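This is what each chain is made of:
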Amino acid sequence: MGTSVDAAHTEGTESALSVKKPKVVFVLGGPGSGKGTQCANIVEHFGYTHLSAGDLLRAEISSGSENGTMIQNMISEGVIVPPEVTIKLLEKAIMESENDKFLIDGFPRNEENRAMFESVTGIVPEFVLFFDCSEEEMERRLLSRNQGRVDDNIDTIRKRFKVFVESSLFVINYYNSKGRVRKIDAAKPVAEVFEAVKAVFTPVDDKAAA
Ligand SMILES: Nc1ncnc2c1ncn2[C@@H]1O[C@H](COP(=O)(O)OP(=O)(O)OP(=O)(O)O)[C@@H](O)[C@H]1O
Ligand SMILES: Nc1ccn([C@@H]2O[C@H](COP(=O)(O)O)[C@@H](O)[C@H]2O)c(=O)n1
Ligand SMILES: [Mg+2]
């Protein structure tokens, strides 16, 4: 049995994830909709492990990986990295964790991400948390985030919005057609957004907030 995403792709064998069978929630929404902010709250209250695909890609750049330059260029342009790269990083992070439930933030970003993840891992998300927010509000948030991200400039922000509308919304619509999307009004203040998030998690999780 193959144990890596690479092996799964080339040999048509199972991913190690199809053996571990973790519980997965995809966390999607436009750039700056508040995915990372809310995931931190969910981790604290519901015991999930947060995996941000963007953070894993940025860590890959910092590690000096052979893919680093390619990933850096793609992030700077706001475009989506080839799925095998991102899936391999997600698989590694899940396998290295002792937890069995994960928030996967910012993935799948397009149909290629989705189809490859499902076919390689056999994992279907429990549900998809979708943070819905206007571009005006997201742009305001990103321009004042001040975390030194190379893609938080107005030119790249507009490219990221375009990719979201043209590719990522397709994935949200796909899961919506399967009844798996939980849509949250993400334009409200952080605490109010989290109240809505809690309502989604509480019935399906026995580790509810006190
Ligand atoms: N509900 C909110 N109201 C106001 N500001 C918010 C809210 N949620 C998050 N923010 C702020 O907006 C910025 C973007 O939030 P965050 O990093 O969580 O978004 P994201 O969806 O993970 O973005 P990206 O897709 O770029 O990674 C941060 O500075 C955060 O503090
Ligand atoms: N599935 C993904 C997720 C992210 N990327 C690239 O990273 C950038 C930043 O992502 P954030 O979620 O941290 O905003 C994104 O614009 C993409 O360039 C990706 O390729 N695939
Ligand atoms: Mg984020």
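Note that this is a predicted model, so its numbers are computed, not measured.

Novice: Can you tell me about the nonpolar core, naming the residues and giving the values?
Specialist: By size, the foremost hydrophobic cluster in this structure holds 30 residues, and its most contacted members are Phe26, Leu57, Ile104, Phe107 and Phe117. Those elements that provide at least two residues to this core are β1 (23-29), α4 (53-62), α5 (68-77), α6 (83-96), β3 (101-105), β4 (127-132) and α9 (154-177). Per-element accounting of this core gives the leading share, 6 residues, to α6. Excluding residues within four positions of it along the chain, Leu57 makes contact with Ile71, Ile75, Val81, Val85, Thr86 and Leu89. Counting residues in each nonpolar core, the second largest holds 22 residues, with Val27, Leu103, Ile157 and Val197 among its members.

Novice: Tell me what's going on with the UniProt feature "binding site: a ribonucleoside 5'-phosphate" (unreviewed entry) in the protein, and back it up with residues and numbers.
Specialist: Under the local residue numbering, the UniProt record ascribes the feature "binding site: a ribonucleoside 5'-phosphate" (unreviewed entry) to Arg58, Val79, Ile80, Val81, Gly106, Phe107, Pro108, Arg109, Arg149 and Arg160. In this view, Phe107 contacts Phe26, Val27, Leu28, Ala53, Thr86, Ile87, Leu90, Asn113 and Phe117; residues no more than four positions away in its chain are not counted. Residue position: Arg149 is located in the loop between α8 (135-143) and α9. Apart from residues no more than four positions distant in its own chain, Arg149 is found in contact with Arg58 and Arg160.

Novice: Summarise the site of ligand 1; cite the residues concerned and give the values.
Specialist: The immediate surroundings of ligand 1 are formed by 17 residues, with Lys35, Thr37, Arg145, Arg160 and Lys188 found nearest. Residue Gly36 places a main-chain N or O atom 3.0 Å away from an oxygen atom belonging to ligand 1. In this structure, Arg160 approaches ligand 1 through a side-chain N or O atom, which is 2.8 Å from an oxygen atom. Starting from 630 Å² of accessible surface for ligand 1 in isolation, the protein chains cover 78%. It is helix α3 (residues 35-46) that provides the largest number of residues to the shell around ligand 1, a total of 3 residues. Taken together, the residues that form the shell around ligand 1 break down as 5 nonpolar, 6 polar and 6 charged.

Cut-offs used in this document
- Residues numbered from 1 in each chain as written.
- Chains lettered and ligands numbered in written order.
- Predicted model: local features only at pLDDT ≥ 70, side-chain atom pairs only at ≥ 80, totals over all residues.
- Heavy atoms only, no water.
- Core = buried A, V, L, I, M, F, W, Y, C linked by side-chain atoms within 4.5 Å.
- Buried < 20%, exposed > 50% of the residue type's maximum accessible area, 1.4 Å probe, protein only.
- Helix = DSSP H or I, 4+ residues; strand = E, 2+ residues; numbered from the N terminus.
- Contact = heavy atoms within 4.5 Å.
- UniProt positions renumbered as here; feature names shortened; annotations may be inferred.
- Near = heavy atom within 4 Å.
- Polar contact = N/O pair within 3.5 Å; in protein donor to acceptor, adjacent residues only side chain to side chain.
- Areas by Shrake-Rupley, 256 points an atom, 1.4 Å probe, with all protein chains shown as cover.
- Nonpolar A, V, L, I, M, F, W, Y, C, P; charged D, E, K, R; others polar.

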